[in-house]
Amino acid sequence: MNKFRLCMNVIAFIAFTVALSAAAQAQATRTWVSGVGDDVNPCSRTAPCKTYAGAISKTARDGEISTLDPGGFGAVTITKSITINGGGTGQGYGSILAALTNGVIVNITDPADTRKNVRLNWLDINGASTGLDGIRWLAGNGLHIENTHIDGFTGDGIDVAFSALNNTAFSMRNVTIRNCTGAGVKMSANSTGTTGFSFERINISRCGTGIDAQNGSRGTVSDSVLALNSTGVSATEGSSNTEVNLDSTSFTGHVTGISVGAGARARISRCLLTQNVTSLTGPVDTGGNNTIMGNTNNNAPGVPSGGQSFPQN
């Protein structure tokens, strides 16, 4: 009987070791997708998967999903630190068709995931005029988006909506967002949390509000274009201060170029505001090096609705 038990223990140990080995092999640091791939594959370069959702389950935390060639790779929910690289010049272009759904959901809550960071690069996220949000960020420490197009959503292009207290880092570079019924980008921290953001060379057009910086939004937009939205930038606050810095950015074709609510603050430098109905409302600080002209109501110099006077351009 003792020999039998010993034999069974050995068999169980071997089975456990094999299972661990198989799990380790299934979680590769780099995986691949292809327009002609299959999600039953191991997602290697020679046997790629078909979708980002299929590849993410086989990619280790802090790993990367790479795109071999152009294709439609489906909506994806991200629950661990990862990079999704849609390709770029010479490698392909990662397309996510998100009709009637969200394109990308980021929701990282695992305590073992210390970084909780996601990087999205070279993606084309298409809502086909019926999608909900292009990217919906629910939990995590950092979200970094580069070289990406987001188009055609009934909600927001990007919605940063945390249900728990968080202090986060959100960056975008070379990103185009257009044709969203809601905001191009909406940020709202929970309670006294903050959303620290840095946007460079972004283009937001034909959305409800270009950038809706709500409670706790603090950061800078530079070298960017906001055009033909209802409002270019809206800054409001609740339990946490909102501060928006705008540098070398143009605002054209809005009902209101920049709207700042009570308690919030905007600072503008080297900005162009033209062909809007109203250029500025609320407490906006300017060092006098902006071009504010050609609007129905220039508000510079003058006294906007918020009661603050603006220095001469």
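Here goes a summary of the coordinates provided.

Reading the values: the criteria
- Residues numbered from 1 in each chain as written.
- Predicted model: local features only at pLDDT ≥ 70, side-chain atom pairs only at ≥ 80, totals over all residues.
- Heavy atoms only, no water.
- Pairing = 2+ DSSP bridges.
- Helix = DSSP H or I, 4+ residues; strand = E, 2+ residues; numbered from the N terminus.
- Buried < 20%, exposed > 50% of the residue type's maximum accessible area, 1.4 Å probe, protein only.
- Salt bridge = Lys/Arg side-chain N within 4 Å of Asp/Glu carboxyl O.
- Disulfide = S-S within 2.5 Å.
- Phe/Tyr/Trp six-rings, centres within 6.5 Å; stacked < 30°, edge-to-face > 60°.
- Lys NZ or Arg CZ within 6 Å of the ring centre and 35° of its normal.

### A look at the pairing of strand 10 (residues 135-139)
Okay, step 1: As judged from the four bridges shared by strand 7 (residues 104-107) and strand 10, these two strands associate in the parallel manner. Note on strand 10: the bridge partner recorded for Asn107 is Ala139.
Okay, step 2: The pairing of strand 10 with strand 12 (residues 158-161) spans three bridges and is parallel. Within strand 12, the position partnered with Trp137 by the bridge is Val160.

### Overview of the environment of Arg265
Okay, step 1: Position of Arg265 among the secondary structure elements: in strand 21 (residues 265-269).
Okay, step 2: Note on Arg265: relative accessible area 25%, which makes it partly exposed.
Okay, step 3: Between the C-alpha atoms of Arg265 and Asn241, which are 24 residues apart in sequence, the distance is 8.5 Å.

### Brief notes about the pattern of salt bridges
Okay, step 1: On inspection of all chains with the given rule, the structure shows 13 salt bridges.
Okay, step 2: Taken together, the shared-partner salt bridges connect Asp133, Arg136 and Asp159 into one network.

### A look at the pairing of strand 21
Okay, step 1: Bridge analysis of strand 18 (residues 243-247) against strand 21 gives five bridges, and the strand direction is parallel. Note that in strand 21 the partner of Leu246 across the bridge is Ile268.

### Observations regarding unusual backbone geometry
Okay, step 1: The phi dihedral of Ser191 is positive, around 55 degrees, even though this residue is not glycine.
Okay, step 2: When you line up the elements, Ser191 lands in the loop between strand 13 (167-188) and strand 14 (194-213).
Okay, step 3: Despite not being glycine, Leu228 has its phi angle at roughly 60 degrees, a positive value.
Okay, step 4: With respect to the element layout, Leu228 can be found in the loop between strand 16 (225-227) and strand 17 (231-235).
Okay, step 5: Leu228 sits in the partly exposed class, given a relative accessible area of 45%.

### Focus: the state of the cysteines
Okay, step 1: For the structure on display, the rule yields one disulfide.
Okay, step 2: Across the disulfide from Cys43 sits Cys49; the S-S distance is 1.8 Å. A torsion of -70 degrees about the S-S bond marks the disulfide between Cys43 and Cys49 as left-handed.
Okay, step 3: Judged by relative accessible area, which is 1%, Cys43 ranks as buried.
Okay, step 4: Left without a disulfide partner, Cys207 is nearest to the cysteine sulfur of Cys180, which lies 4.2 Å away.

### Let's talk about the packing of aromatic side chains
Okay, step 1: Per the stated rule, a full pass over the model turns up five aromatic pairs.
Okay, step 2: Relative to Phe162, the ring of Trp137 lies with its centre 4.9 Å away and its plane at 70 degrees, an arrangement referred to as edge-to-face. Here the residue Trp137 occupies a position in strand 10, and Phe162 occupies one in the loop between strand 12 and strand 13, the gap between them amounting to 25 residues. Like Trp137, the residue Phe162 is buried in the burial classification.
Okay, step 3: Taken together, the ring pairs in this structure connect Trp137, Phe162, Phe170, Phe197 and Phe199 into an aromatic cluster.
Okay, step 4: Of note, Arg45 hangs over the ring of Trp32, and the distance from its end group to the ring centre comes to 4.6 Å.

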